[in-house]
Amino acid sequence: MTVAANADPRTREAAVMLQVYGQLPFVPMEARGCHLVTSGGQRILDFWGGHAVAALGYGHPNLVRSIREQSERMIFQSNAVALDVRATAAEKLVSIAPTNLSKAFFVNSGAEANENALKIAFMSTRRKKILALTHGFHGRTAAAGAVTWNSTKSWYAFPATPFEVDFIPRNDVAAAESMINDSVAAVIFEPVQGVAGAFDLSAEFVTALRNSTLKAGALLIADEVQCGMGRSGHYFAIEAYGIEPDLLTAAKGLGGGIACGALLCGEDLSKTVGPGDLGSTFGGGPIAAAAIIAVIETIESEDLLANVRQREAEIRGNCVTGPVRSVQGKGLLLGLVCERPATDVRDALLVHDILTGTSVDPSVLRLLPPLVLQSQHVTRLVSALNNLIFE
Ligand code: PLP
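Residues numbered from 1 in each chain as written. Predicted model: local features only at pLDDT ≥ 70, side-chain atom pairs only at ≥ 80, totals over all residues. Heavy atoms only, no water.

Undergrad: Explain the sheet that holds strand S7 (residues 184-189) residue by residue, including any values.
TA: Across the sheet, seven strands lie side by side as S4-S12-S11-S10-S7-S5-S6; this open sheet has mixed pairing. Of all strands in the sheet, those bounded by a partner on one side alone are strand S4 (103-107) and strand S6 (164-168). Taken over all neighbouring pairs, the strand axes of this sheet differ in orientation by 20° on average, direction set aside. Pairing of strand S5 (residues 129-133) with S6, which is carried by five bridges, proceeds in the parallel orientation. Within the sheet, the bridge partner assigned to Leu131 lies in S6 and is Asp166. With respect to the sheet, helix H5 (residues 110-125) is in contact with S4, S5, S7, strand S10 (219-223), strand S11 (247-250) and strand S12 (261-265), its orientation differing from that of S10 by roughly 175°. (Pairing = 2+ DSSP bridges. Helix = DSSP H or I, 4+ residues; strand = E, 2+ residues; numbered from the N terminus. Axes fitted to C-alpha atoms, helices over the stretch in contact; angles between N-to-C directions. Contact = heavy atoms within 4.5 Å.)

The structure is reproduced here in structure tokens:
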């Protein structure tokens, strides 16, 4: 199919790209702070944040400067050499992580971080089974997809999962205690289940996961790809539960928009892998490392954890209005539980120039805005929720 060079990008993409994404009805041309500007001139307040990626919003001077200066110095070197910028990124990342997690391994995405965390779990325990939670999402690669709830029944295209997997019903303490035994290498879970609709697990359940894995000699992997990097109002959401995982994965907001991921583990676990066991050409590249440094330094210098908690309080206090019946989640990973389909609410909010997201729960509208969100932005959301017109 021939498409004119000046045709709408949606038409041009459709002509040359696999059509695997349901796309929104606008084309962003530029972005600043918490706003997108579209090809049609619409200025949209972004409560979606590029699916939790734009932690610092758009065009943050610290991130732009850090990436620009690093790209002028040196765009790339692989892990065949040590780099000052990579060492600094790792030091900063372990400094904000739960205190037992003192070693980092850099990758390029959330799924890749989870693949490697699972690999470490198998190598270190020599066991063959992984437990995950119902409604959890961990990525679309072979191993990450295998531990994603319902994937094998829907989009998982591999002939078989690469290892044995079972799913603990979320928040079912008794099931967790009986299923976690000495055949289990690891339990992987999201402290706040993102794609499921910003569903925060009960403290009792998360504590049971930690106690039962310790008792069974199994590892606990916290997937903080979506809920980590300050989004929960803590650096990592697991802190809210007062426990330490054996492995933690991060991505999305980690580089504020530059593709990167990381896994963190403790000293003992780090000794179970050696040269050649793990690897990733682009993992920990200089531009990604510079972005990670800028994100962490800005969360600190602008006190963004406090900002996240203040905005969460405002949203909880004011957004149960219009079609919204309740709020779930933590920090700025929130699910507005609606009395009508979340897709209708999302579409109606877009008419008010506000972008929000949906989730696999049809009644939950998901908010994942930049951590730099301001009070006036919440006020706009509240006013729009009160004035929605449904077709
Ligand atoms: N884990 C969680 C909790 C996620 O939300 C996602 C993506 O949405 C992933 C893993 C996969 O990350 P990526 O798309 O970077 O591979």
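Undergrad: Outline helix H12 (residues 342-351), listing residues and values.
TA: Residue pairs spaced three or four apart in an α-helix point in one direction, given the helix's 3.6 residues per turn. Ala342, Val345, Ala348, Leu349 and Leu350 are the residues of H12 that are buried. Positive phi appears at Asp353, one or two residues downstream of H12, with a value of about 65°. (Buried < 20%, exposed > 50% of the residue type's maximum accessible area, 1.4 Å probe, protein only.)

Undergrad: Please set out the sheet that holds strand S14 (residues 333-338) residue by residue, giving values where relevant.
TA: Pairing is antiparallel across the open sheet formed by three strands, whose spatial order is S13-S14-S16. The open sheet is flanked by strand S13 (324-330) and strand S16 (364-367), the only strands paired with a single partner. Mean inter-strand twist for the sheet, computed between neighbouring axes without regard to direction, equals 25°. Against the sheet, helix H11 (residues 304-318) contacts S13, S14 and S16, and its axis sits at roughly 160° relative to S13. Strand contacts of H12: S14 and S16, with the helix running at about 50° to S16, the strand carrying the most contacts.

Undergrad: Which residues make up the packing of aromatic side chains, and what are the values?
TA: Tallying each qualifying case throughout the model produces four aromatic pairs. Their ring planes at 55° and their centres at 5.3 Å tell us that Phe76 and Phe282 sit as a pair that is tilted. With Phe76 in the loop between helix H3 (61-73) and helix H4 (84-96) and Phe282 in the loop between helix H9 (267-270) and helix H10 (286-301), this pair connects stretches of sequence that are 206 residues apart. On the basis of relative accessible area, Phe76 is assigned to the partly exposed category, the value being 29%. Given the relative accessible area of 54%, Phe282 is considered exposed. Pairing Trp149 with Phe167 gives two aromatic rings, centres 5.5 Å apart and planes at 70°, and the pair type is edge-to-face. Placement of the pair is Trp149 in the loop between helix H6 (142-146) and S6 and Phe167 in strand S6, with a sequence separation of 18 residues. Exposure remark for Trp149: the relative accessible area of 30% places this residue in the partly exposed category. Over the ring of Trp155 we find Arg140, and its NZ or CZ is 4.4 Å from the ring centre. When the ring centre of Phe390 is taken as reference, the NZ or CZ atom of Arg340 above it lies at 3.7 Å. (Phe/Tyr/Trp six-rings, centres within 6.5 Å; stacked < 30°, edge-to-face > 60°. Lys NZ or Arg CZ within 6 Å of the ring centre and 35° of its normal.)

Undergrad: Describe the pattern of salt bridges, naming the residues involved and giving the relevant values.
TA: Scanning the entire structure with this criterion turns up 11 salt bridges. One salt bridge connects Lys129 with Glu164, and the closest N-O pair in it is separated by 3.8 Å. Placement of the pair is Lys129 in strand S5 and Glu164 in strand S6, with a sequence separation of 35 residues. For Glu164, a relative accessible area of 47% gives the class partly exposed. For the salt bridge of Arg210 with Asp246, the shortest nitrogen-to-oxygen distance reads 2.8 Å. Here the residue Arg210 occupies a position in helix H8 (residues 203-216), and Asp246 occupies one in the loop between S10 and S11, the gap between them amounting to 36 residues. Both residues of the pair, Arg210 and Asp246, count as buried. (Salt bridge = Lys/Arg side-chain N within 4 Å of Asp/Glu carboxyl O.)

Undergrad: How would you sum up H5? Please name residues and give values.
TA: With 16 residues, H5 extends 23 Å between its outermost C-alpha atoms, agreeing within 8% with the 22 Å of an ideal straight helix rising 1.5 Å per residue. The element H5 is largely enclosed, with a buried count of 12 among its 16 residues. Along H5, the positions that sit buried rather than exposed are Gly110, Ala111, Glu112, Ala113, Asn114, Asn116, Ala117, Leu118, Ile120, Ala121, Phe122 and Thr125. Of the residues that open H5, the one with a side-chain oxygen 3.2 Å from the backbone nitrogen of Glu112 is Ser109. At the C-terminal side of H5, Arg126 shows a positive phi close to 60°. (Expected span 1.5 Å × (residues − 1). Polar contact = N/O pair within 3.5 Å; in protein donor to acceptor, adjacent residues only side chain to side chain.)

Undergrad: Provide a residue-level description of the side chain of Glu112, including the pertinent values.
TA: Take Glu112: it is sitting in helix H5. It turns out Glu112 is buried and unbridged, and the closest side chain with the opposite charge, Lys119, is 9.2 Å from it. In contact with Glu112, other than residues within four places in its own chain, are Val107, Gly279 and Ser280. (Lys, Arg positive; Asp, Glu negative; His and termini not counted.)

Undergrad: Mind laying out the site of the ligand, listing which residues take part and the relevant values?
TA: Around the ligand sit 13 residues in total, of which Gly110, Ala111, Asp223, Gln226 and Lys252 are the nearest. Between Ala111 and the ligand, the recorded distance is 2.8 Å, taken from a backbone N or O atom to an oxygen atom. In this structure, an oxygen atom belonging to the ligand sits 3.0 Å away from a side-chain N or O atom of Lys252. Coverage of the ligand by the protein chains reaches 82% of its 390 Å² of free accessible surface. (Near = heavy atom within 4 Å. Areas by Shrake-Rupley, 256 points an atom, 1.4 Å probe, with all protein chains shown as cover.)

Undergrad: Explain the environment of Ala262 to me, and be specific about the residues and the numbers.
TA: Relative to the helices and strands, Ala262 is located in strand S12. Residue Ala262 is classed as buried on the basis of its relative accessible area of 1%. For the pair Ala262 and Ser202, spaced 60 residues apart in the sequence, the C-alpha separation amounts to 26 Å. Look past the residues within four positions of Ala262 in its chain and what remains in contact with it is Leu93, Phe105, Phe106, Val107, Ala113, Leu248, Thr249, Ala250 and Leu254.

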